[in-house]
Amino acid sequence: MTANPLAALLAPAAADMAAVNALIEQRLHSTVPTIDQLSGYIIHSGGKRLRPVMAVLSARACGYSGDQHCLLAAVVEFIHTATLLHDDVVDESELRRGRATANSRFGNGLSVLVGDFLYSRSFQMMVELGSKEVMDVLATATNQISEGEVLQYLNRRNVDATPEQCLAIARSKTATLFEAAARCGALLAGQDRAGQDALGDYGLHFGLAYQLVDDLLDYRGDAARIGKNLGDDLAEGSPTLPLAYALQAADPQQARVLRSALGEDGEPDFAAVLAVIESTGAIAYTAGLAQTHAERAQAALSGLPDSPARAALQGLARFAVSRDF
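Colleague: Just checking my understanding: could you explain the overall build of the protein chain for this structure?
Modeller: Per the secondary structure count, the protein chain includes 17 helices and 2 strands. Compactness check: the protein chain gives a C-alpha radius of gyration of 19 Å against a globular reference of 20 Å for 325 residues, within 12% of the reference. Along the first, second and third principal axes, the C-alpha set of the protein chain runs to 60 × 45 × 35 Å. Evaluated residue by residue, the protein chain yields a buried proportion of 54% over its 325 residues. Intrachain contacts of the protein chain at a sequence separation of at least 6 include 77% that bridge at least 24 residues.

Colleague: I keep staring at the side chain of Thr174 and nothing clicks. Help me out?
Modeller: Position of Thr174 among the secondary structure elements: in helix α9 (residues 163-188). Residue class for Thr174 comes out buried when judged on its relative accessible area of 7%.

Colleague: Explanation requested: the environment of Ala300 in the structure shown.
Modeller: The topology assignment puts Ala300 in the loop between α16 (282-299) and α17 (308-322). By relative accessible area, which is 18% here, Ala300 ends up buried. Separated by 12 residues in the primary sequence, Ala300 and Ala312 have C-alpha atoms spaced 14 Å apart. Ala300 has contacts with Ala198, Asp201 and Tyr202, leaving out every residue within four places of it along the chain.

Colleague: Could you clarify how one ought to interpret a nonpolar patch on the surface in this entry?
Modeller: On the surface, a cluster of nonpolar side chains totalling about 400 Å² of accessible area is made up of Val90, Val150, Tyr153 and Leu154. Here the element with the most residues in the nonpolar patch is helix α8 (residues 132-154); it accounts for 3 residues. Tracing the backbone shows Val90 in helix α5 (residues 68-91).

Colleague: I keep staring at the packing of aromatic side chains and nothing clicks. Help me out?
Modeller: For any pair of aromatic rings, geometry is given as the distance between the ring centres together with the angle between the planes. What the rule picks out here adds up to 8 aromatic pairs. Seen from their ring centres, Tyr41 and Phe106 are 5.5 Å apart, and the 75° between their planes marks the pair as edge-to-face. Of this pair, Tyr41 sits in helix α3 (residues 33-43) while Phe106 sits in helix α6 (residues 102-106); the two residues are 65 residues apart in sequence, bridging distant segments of the chain. Summarising the burial analysis for this pair, Tyr41 and Phe106 share the class buried. Both rings, one in Phe319 and one in Phe325, keep their centres 5.8 Å apart while their planes meet at 65°; by these two values the pair is edge-to-face.

Colleague: Would you explain the nonpolar core in this entry?
Modeller: One broad trend across soluble globular proteins is that nonpolar side chains are buried collectively. Of all hydrophobic cores here, the largest spans 76 residues; its most connected members are Leu50, Leu57, Leu72, Leu138, Tyr202, Phe206 and Leu316. Residues in contact with Leu138, not counting those within four places in the same chain, are Leu72, Val75, Val76, Met126, Ala180 and Cys184. One finds Leu243, Leu258, Leu274 and Ala282 within the second-largest nonpolar core, a separate group that totals 17 residues.

Colleague: How should I be thinking about helix α15 (residues 270-279) in this particular structure?
Modeller: Quick reminder: α-helices carry 3.6 residues per turn. Residues three or four places apart thus point the same way. For α15, every residue scored as buried is listed here: Val273, Leu274, Val276 and Ile277. An end-on view of α15 places all buried positions within 160° of arc, on one side of the element. Exposed residues on α15 whose side chains face more than 90 degrees from its buried face are Ala271 and Ser279. Packing partners of the buried residues in α15 comprise α10 (193-220), α12 (232-235), α13 (241-249), α14 (252-263) and α16. Two residues or fewer after α15 comes Gly281, characterised by a positive phi angle close to 80°.

Colleague: I keep staring at unusual backbone geometry and nothing clicks. Help me out?
Modeller: Glycine aside, residues mostly have negative phi angles, and peptide bonds mostly take the trans form. In this model, Arg49 sits at a positive phi of 60°, which is unusual for a non-glycine residue. Within the secondary structure layout, Arg49 lies in the loop between α3 and α4 (50-61). Judged by its relative accessible area of 15%, Arg49 falls in the buried class. The phi torsion at Arg157 lies on the positive side, around 55°, for a residue other than glycine. With respect to the secondary-structure elements, Arg157 resides in the loop between α8 and α9. For Arg157, a relative accessible area of 23% corresponds to the partly exposed category.

Colleague: Mind showing me how you'd approach the pattern of salt bridges here?
Modeller: Overall, the coordinates contain 11 salt bridges when judged by the stated rule. Across the pair Lys173 and Asp87 runs a salt bridge whose closest N-O atoms are separated by 3.3 Å. Of the two residues, Lys173 is situated in helix α9 and Asp87 in helix α5; the sequence distance between them amounts to 86 residues. As far as the burial class goes, Lys173 and Asp87 line up, both buried. Across the pair Arg183 and Asp197 runs a salt bridge whose closest N-O atoms are separated by 2.9 Å. Highlighted residues: Arg183 in helix α9 and Asp197 in helix α10, separated in sequence by 14 residues. Note on Arg183: relative accessible area 15%, which makes it buried. For Asp197, a relative accessible area of 27% corresponds to the partly exposed category. Counted as one network, the salt bridges with shared partners bring together Asp87, Glu149 and Lys173.

Quick notes on the rules
Residues numbered from 1 in each chain as written. Predicted model: local features only at pLDDT ≥ 70, side-chain atom pairs only at ≥ 80, totals over all residues. Heavy atoms only, no water. Helix = DSSP H or I, 4+ residues; strand = E, 2+ residues; numbered from the N terminus. Rg over C-alpha atoms; globule rule 2.2 N^0.38 Å. Buried < 20%, exposed > 50% of the residue type's maximum accessible area, 1.4 Å probe, protein only. Contact = heavy atoms within 4.5 Å. Patch = residues over 30% accessible without salt bridge, like charges linked within 9 Å, V, L, I, M, F, W, Y side chains within 5 Å. Areas by Shrake-Rupley, 256 points an atom, 1.4 Å probe, with all protein chains shown as cover. Salt bridge = Lys/Arg side-chain N within 4 Å of Asp/Glu carboxyl O. Phe/Tyr/Trp six-rings, centres within 6.5 Å; stacked < 30°, edge-to-face > 60°. Core = buried A, V, L, I, M, F, W, Y, C linked by side-chain atoms within 4.5 Å. Arc of directions from axis to C-beta.

Here it is, written out as structure tokens:
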């Protein structure tokens, strides 16, 4: 795999994303210097920008020719960044994208408050879009993301977590914002309800595929590539789909290994857990389900005319399940 397989794939969005990044820089500004410093630190920490890219490509794939999609994309990125700031505080994370998290560098209090600043700034920008429908989609998505965060927190160290519960969390925490970004792109382009639903379905299934691969990479990834330590989810007590599936498929001795690792506050025996997850078929199951969602994402685009933006969206769905970072 090349160092950055996304560069060529997302070439159709390059000009628009340059405008989005310039807008992000402009709207990050605050009269409080610390806000500029901390928000800039995480915004420029090397993320893939997939959520704003999805807003841009969805609008273009639906024939949009204006420039409001760049403002939409910036809003989506601010919402996402706010969730990261809050998530890292709750999870007590120390590493994201290969470098220190904002909370470990600036402290929990400032991270939470700057996350609030980004949320409020995103809603200011939503108003500028002038679309009640777009505001409704994004406001609802923001609320659902918060619900997903609470569900994940409540399921910490839950040794009885089911695959269905893990998928519900993945949908709320991750897939919801991808779904909203794609649906809002279609809304800006004036698509009818069927067109909006199709792009929303694309974003939803892409987001589920993407999160399931993230769950897999926590067990079988390269820490240097993914920018965080392997086993972080397990160490934080988060039962993601591979672990929940393995808990159901394990024999009594294997189940004791998993329950012990998930239920304790200390450093879990990652190698022992990984051996059980692999032997129960949890890796293969999760990868297969991710592939299914990626295929459903691609199928949702079937009604769109051929275009570079549509091809890029199709390629993104394939990337979601082939990536190693």
